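# A closer look at the structure
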Amino acid sequence: MSTTDVLTRSEYNAKRRNEHAGPVSDLMPETVERFERLYPDWKGKNWHVSAGTYGMHLGPVNLVRDSQPDEESTDRTA
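Described below are features of the structure shown in this document.

About the cut-offs
- Residues numbered from 1 in each chain as written.
- Predicted model: local features only at pLDDT ≥ 70, side-chain atom pairs only at ≥ 80, totals over all residues.
- Heavy atoms only, no water.
- Helix = DSSP H or I, 4+ residues; strand = E, 2+ residues; numbered from the N terminus.
- Buried < 20%, exposed > 50% of the residue type's maximum accessible area, 1.4 Å probe, protein only.
- Polar contact = N/O pair within 3.5 Å; in protein donor to acceptor, adjacent residues only side chain to side chain.
- Contact = heavy atoms within 4.5 Å.
- Pairing = 2+ DSSP bridges.

Here we come to the side chain of T4. Considering the arrangement of structural elements, one finds T4 in the segment before β1 (5-8). You can call T4 buried: its relative accessible area is 5%. At 2.7 Å, the side chain of T4 and the side chain of D41 are in polar contact. Reaching out from T4, the side chain makes a polar contact with the backbone nitrogen of W42 at a distance of 3.4 Å. Ignoring anything within four residues of it in the chain, the contact list for T4 reads Y39, D41, W42, P60, V61 and N62.

Another aspect to go through is the pairing of strand β4 (residues 55-64). Taken residue by residue, a regular strand's side chains alternate between the two faces of the sheet. Pairing analysis gives 4 bridges linking β1 to β4, with the strands arranged parallel. Across the sheet, the residue bridging to T8 is V64, located in β4. Once strand β3 (residues 46-52) ends, the chain turns through 2 residues before running back antiparallel as β4.

This is the structure in structure tokens:
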């Protein structure tokens, strides 16, 4: 079993503009079934293309929100 790649929504949107990512509805049903078998942590919604060991690789991706600045970690003088 493999772990699904994770991208921020901004990273995904940039890949999507270049047609290197998209919704699961773009994929053949057989591809979706294979991803579901091989990547049990995949949310089943998106895919992307990334560099792999043997060249470019089509795979599932889960999205996370873009990080927000943490107010507690900013330098403040008391």
